[in-house]
Amino acid sequence: MLLLMRVLVVEDDDRIAVPLLDGLRRHGFTPTRVTTGAQALQAAETDVVLLDLGLPDVDGIDVCRQLRSRSGVPILVITARGDETDRVIGLEVGADDYMVKPFGFRELVARIRAVQRRVSGSASPVVEPDEQQLGALRIHRRNRRVYVDDIEIALTPKEFDLLALLAEEPGVVVTRQELLESVWDPHWYGPTKTIDVHVATLRKKLGDRGWIETVRGVGLRLGRPS
Ligand code: CA
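Residues numbered from 1 in each chain as written. Predicted model: local features only at pLDDT ≥ 70, side-chain atom pairs only at ≥ 80, totals over all residues. Heavy atoms only, no water.

Overview of the overall build of the protein chain
Piece 1. Assigned secondary structure in the protein chain consists of eight helices and 12 strands.
Piece 2. The buried share of the protein chain, reckoned over its 226 residues, is 44%.
Piece 3. In the protein chain, 53% of the contacts between residues at least 6 apart in sequence involve partners at least 24 apart.
Piece 4. Here the protein chain has roughly 11,500 Å² of accessible surface; of this, 53% comes from carbon and sulfur atoms. (Helix = DSSP H or I, 4+ residues; strand = E, 2+ residues; numbered from the N terminus. Buried < 20%, exposed > 50% of the residue type's maximum accessible area, 1.4 Å probe, protein only. Contact = heavy atoms within 4.5 Å. Areas by Shrake-Rupley, 256 points an atom, 1.4 Å probe, with all protein chains shown as cover.)

Here's what the structure looks like:
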């Protein structure tokens, strides 16, 4: 039921590519990486292409144009260049969307999914199941609603994101750093106390501390209250 989306990452900078690939894997994508335009044009077809414009061998705009001339693969341009001209050119040569560095990881994932949905129409592959039932807990990801025993629980956006992330793999520990990177910001270097505050309110709203278990010194995981 879980369809893995293959993502080609065209990015020469390790500092961007390494965390990007880690994050994509954590979100259920299957990324492969190349570092030059030439490699990008030789790579096997994927479901989505994330394309950096500043490549060492050729201009990313040319790579985009060539990819588009032979394939309908969704292309999401990722670049440090933020001026209007580049945005317009990127879209004119066939990019489906455009993100300027630095960007939040959640925004990237949302855009990949949006681009994929636009391209494939209603029969699109869904990386995560839209509705998830875990004992008394039910999570609707698309409309961002949460129910316990069929009673809707009003969550803030961050509380929902936190719960949804833990629910991606129930019982598996998510580290505090992963939580910060996914729910807050990939470049978060501040105190991690903000997680504790959100977890405390989330537990209260869910009505049982057992839904979210603290694994001391490691992180959090979704539990099953007995
Ligand atoms: Ca680059």
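Regarding the pairing of strand β2 (residues 29-34)
Piece 1. Inspection of the sheet shows strand β1 (residues 5-10) paired to β2 by six bridges, in the parallel sense. Paired with leucine 8 across the strands is threonine 32, a residue of β2.
Piece 2. Note that the unit made of β1, helix α1 (residues 14-26) and β2 has a crossover that is right-handed. (Pairing = 2+ DSSP bridges. Right-handed = clockwise from strand over helix to strand, strands pointing away.)

Some thoughts on the coordination of the calcium ion
Piece 1. In the first shell of the calcium ion, the protein supplies Asp12 (OD), Asp52 (OD) and Gly54 (O), at 2.2 to 2.4 Å from the metal.
Piece 2. Mapping the donors of the calcium ion onto the primary sequence yields the spacing D-x39-D-x1-G.
Piece 3. Relative accessible area serves as the criterion here: at 4%, aspartate 52 is assigned to the buried category.
Piece 4. Accessibility expressed as a relative area gives 38% for glycine 54, which makes it partly exposed. (Donors = N, O, S within 2.8 Å, 3.2 Å for Na, K, Ca; no water.)

Looking at the sheet that holds strand β8 (residues 145-148)
Piece 1. Read from one edge to the other, the open sheet built from four strands follows the order β6-β7-β8-β9, with strand pairing classed as antiparallel. Edge strands, defined here as strands with exactly one partner in the open sheet, are β6 (131-134) and β9 (151-153). Strand-to-strand twist across the sheet, computed as the mean angle between neighbouring axes with direction ignored, equals 25 degrees.
Piece 2. Across the sheet, helix α6 (residues 157-168) is in contact with β6, β7 (137-140) and β8; its angle to β7 comes to roughly 105 degrees. (Axes fitted to C-alpha atoms, helices over the stretch in contact; angles between N-to-C directions.)

Some points on the packing of α6 against helix α7 (residues 176-184)
Piece 1. At a closest axis distance of 10 Å, the pairing of α6 and α7 adopts a crossing angle of 125 degrees. On the basis of their axis angle, the class for α6 and α7 is oblique. As α6 runs across α7, the sense of the crossing is right-handed. When α6 is examined against α7, the residues Lys158, Asp161, Leu162, Leu165 and Leu166 are found in contact with a partner set consisting of Glu178, Leu179, Ser182, Val183 and Trp184.
Piece 2. In terms of residue class, the contact of α6 with α7 is built from six nonpolar, one polar and three charged. (Parallel < 35°, antiparallel > 145°, perpendicular 65-115°, else oblique. Left-handed = near helix turned anticlockwise from the far one by under 90°. Nonpolar A, V, L, I, M, F, W, Y, C, P; charged D, E, K, R; others polar.)

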